[in-house]
Amino acid sequence: MAFGAVRRTRFAPSPTGPLHLGHAFAALTAARLADPGEFLLRIEDIDRSRCRPEWEAAIHEDLRWLGLDWPQPVMRQSDRLPAYRAALDRLAGMGLLYPCRCRRADIAAALSAPQEGMIGPDGPIYPGTCRGRAMEDAGPDDAIRLDVRRAFERLGFDRIGFHDEAVLPGQRHDLTAEDFIAGVGDVVLARRGMGTSYHLSVIVDDAAQGITLVTRGKDLFDSTYIHALLQALLDLPQPLYHHHRLIRDAAGKRLAKRDDARAIRSYREAGLTPAEVCGLVGL
Ligand code: GLU
């Protein structure tokens, strides 16, 4: 963080279900780590088929109940499609993108050889079937992928990395280009019919909002290498990261949105206070 810069964090939920204890922990962590800087809320609603206005309203309500506050207006990713388009156009102009018509089943079939079955942050590593296609051929049913080997060549980097203040602070986490190509692969930057993806939106918006510290769960640690690569390609400033622990249920499973019993709202309705909910997540 540059000297004198205001520390700014964000909590960026998707309105696809009730916020649960894991979200409470993530939001409170982001707010605490911002102090005395600024804590922002951002609504990650690019997946229109899964997002609902009532879940968005519930996010505001639950977070306020927890005692959090944030500046207005709140950024919503569904309002930001032109910014994502501009980032894609820039990457396309560098010759780094290609349209992909492969469905999950095509990818699984292409990967049937056992040694090819590696799983990256976004699932099975894409075998590159569509890599030769030109962007001019892109149809409405295509996804858009980043040719990561070309991306590293363009940057002239043999590795990419970031700093995490929670995981080995002071040390840079690096992934070599070869490990990225083999273990992450050609990531989807625009999902079919969506015009963007989590990875693209999150880096464009973190930069637009001047986020200096990105706090998120450890489950997203490997995705941060993807974000670091995109930030380098698009000349965006790289924030500091803080990948925090995950809140698990009694069986050790990570909480999911459908886990209604652990919804903040359920605790609220059962008469718990915000302080008691903080206690449940160890804060
Ligand atoms: N919308 C993402 C989530 O709910 C945000 C992750 C991030 O902070 O980058 O997991």
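It should be noted that the structure appears before, not after, this text.
Residues numbered from 1 in each chain as written. Predicted model: local features only at pLDDT ≥ 70, side-chain atom pairs only at ≥ 80, totals over all residues. Heavy atoms only, no water.

1. Let's talk about helix α5 (residues 148-155)
Move 1: Those residues of α5 that sit buried are Val148, Ala151 and Phe152. All buried residues of α5 lie within an arc of 95° about the axis, which places them on one face of the element. In α5, the exposed positions that point more than 90 degrees away from the buried face belong to Glu153 and Arg154.
Move 2: Of the surrounding secondary structure, the elements contacted by the buried residues of α5 are β7 (143-146), β8 (159-163), α6 (177-183) and α8 (223-233).
Move 3: N-capping of α5 is provided by aspartate 147, with a side-chain oxygen placed 3.3 Å from the backbone N of arginine 149.
Move 4: Once α5 ends, the next one or two residues include glycine 156, with phi positive near 70°. (Buried < 20%, exposed > 50% of the residue type's maximum accessible area, 1.4 Å probe, protein only. Helix = DSSP H or I, 4+ residues; strand = E, 2+ residues; numbered from the N terminus. Arc of directions from axis to C-beta. Contact = heavy atoms within 4.5 Å. Polar contact = N/O pair within 3.5 Å; in protein donor to acceptor, adjacent residues only side chain to side chain.)

2. Describing the nonpolar core
Move 1: Grouped together as the largest cluster of nonpolar side chains are 41 residues, with contacts concentrated most on Leu91, Leu146, Phe180, Leu189 and Leu229.
Move 2: Counting residues per element, the ones that place at least two in this core are α3 (81-93), β7, α5, β8, α6, β10 (188-190), α7 (198-208) and α8.
Move 3: A total of 6 residues in this core trace back to one element, the largest contributor, which is α8.
Move 4: Every residue in contact with phenylalanine 180, bar those within four places of it in the chain, is listed here: Val148, Phe152, Ile160, Leu175, Gly185, Tyr225, Ile226 and Leu229. (Core = buried A, V, L, I, M, F, W, Y, C linked by side-chain atoms within 4.5 Å.)

3. As for the site of the ligand
Move 1: Around the ligand sit Arg10, Ala12, Ser14, Glu44, Tyr198, Val202, Arg216 and Leu220, and that is every residue in its neighbourhood.
Move 2: Alanine 12 places a polar main-chain atom, nitrogen or oxygen, 2.7 Å from a nitrogen atom of the ligand.
Move 3: Partitioning the shell around the ligand into residue classes produces 4 nonpolar, 1 polar and 3 charged. (Near = heavy atom within 4 Å. Nonpolar A, V, L, I, M, F, W, Y, C, P; charged D, E, K, R; others polar.)

4. A word on the sheet that holds β10
Move 1: Within the open sheet, the 3 strands sit side by side as β4-β7-β10. Their pairing is antiparallel. With partners counted over all chains shown, the strands left at the sheet margins are β4 (97-100) and β10, one partner each. Going across the sheet, the axis of each strand differs from the next one's by a mean of 45°, ignoring polarity.
Move 2: As paired strands, β7 and β10 are joined by 2 bridges and run antiparallel to one another. Following the sheet pairing, isoleucine 144 is matched in β10 by alanine 190. (Pairing = 2+ DSSP bridges. Axes fitted to C-alpha atoms, helices over the stretch in contact; angles between N-to-C directions.)

5. Quick word on the packing of aromatic side chains
Geometry of an aromatic ring pair is reported as the spacing of the ring centres plus the angle between the planes.
Move 1: Applying the stated rule across the entire model yields 6 aromatic pairs.
Move 2: Ring geometry for phenylalanine 152 and phenylalanine 180: centres 5.3 Å apart, planes at 70°, overall edge-to-face. Taken together, the residues phenylalanine 152 in helix α5 and phenylalanine 180 in helix α6 connect sequence positions 28 residues apart.
Move 3: In this structure phenylalanine 180 comes out as buried when scored by relative accessible area, which is 0%.
Move 4: Aromatic rings pair up to connect Phe162, Phe221, Tyr225 and Tyr241 into one cluster.
Move 5: It is arginine 64 that lies over the ring of tryptophan 70; its NZ or CZ is 4.2 Å from the centre.
Move 6: Seen from the ring of tyrosine 126, arginine 145 lies directly overhead, with NZ or CZ sitting 3.7 Å from the centre. (Phe/Tyr/Trp six-rings, centres within 6.5 Å; stacked < 30°, edge-to-face > 60°. Lys NZ or Arg CZ within 6 Å of the ring centre and 35° of its normal.)

6. Some details on the side chain of aspartate 147
Move 1: Assignment of secondary structure puts aspartate 147 in the loop between β7 and α5.
Move 2: The exposure class of aspartate 147 is buried, given its relative accessible area of 9%.
Move 3: Within the structure, the side chain of aspartate 147 is placed 3.3 Å from the backbone nitrogen of arginine 149, a separation counted as a polar contact.
Move 4: Aside from chain neighbours lying at most four places away, what touches aspartate 147 is Leu96, Tyr98, Arg131 and Asp186.

7. Details of the packing of α7 against α8
Move 1: Closest axis-to-axis distance for the α7/α8 pair is 10 Å, and the angle between their directions is 60°. Accordingly, the angle class assigned to the pair α7 and α8 is oblique. Crossing angle aside, the handedness with which α7 passes α8 is right-handed. Each of Tyr198, His199, Leu200, Val202 and Ile203 in α7 lies in contact with α8, whose residues at this interface are Ser223, Ile226, His227, Leu230 and Gln231.
Move 2: Of the residues belonging to the contact of α7 with α8, the class tally is 6 nonpolar, 4 polar and no charged. (Parallel < 35°, antiparallel > 145°, perpendicular 65-115°, else oblique. Left-handed = near helix turned anticlockwise from the far one by under 90°.)

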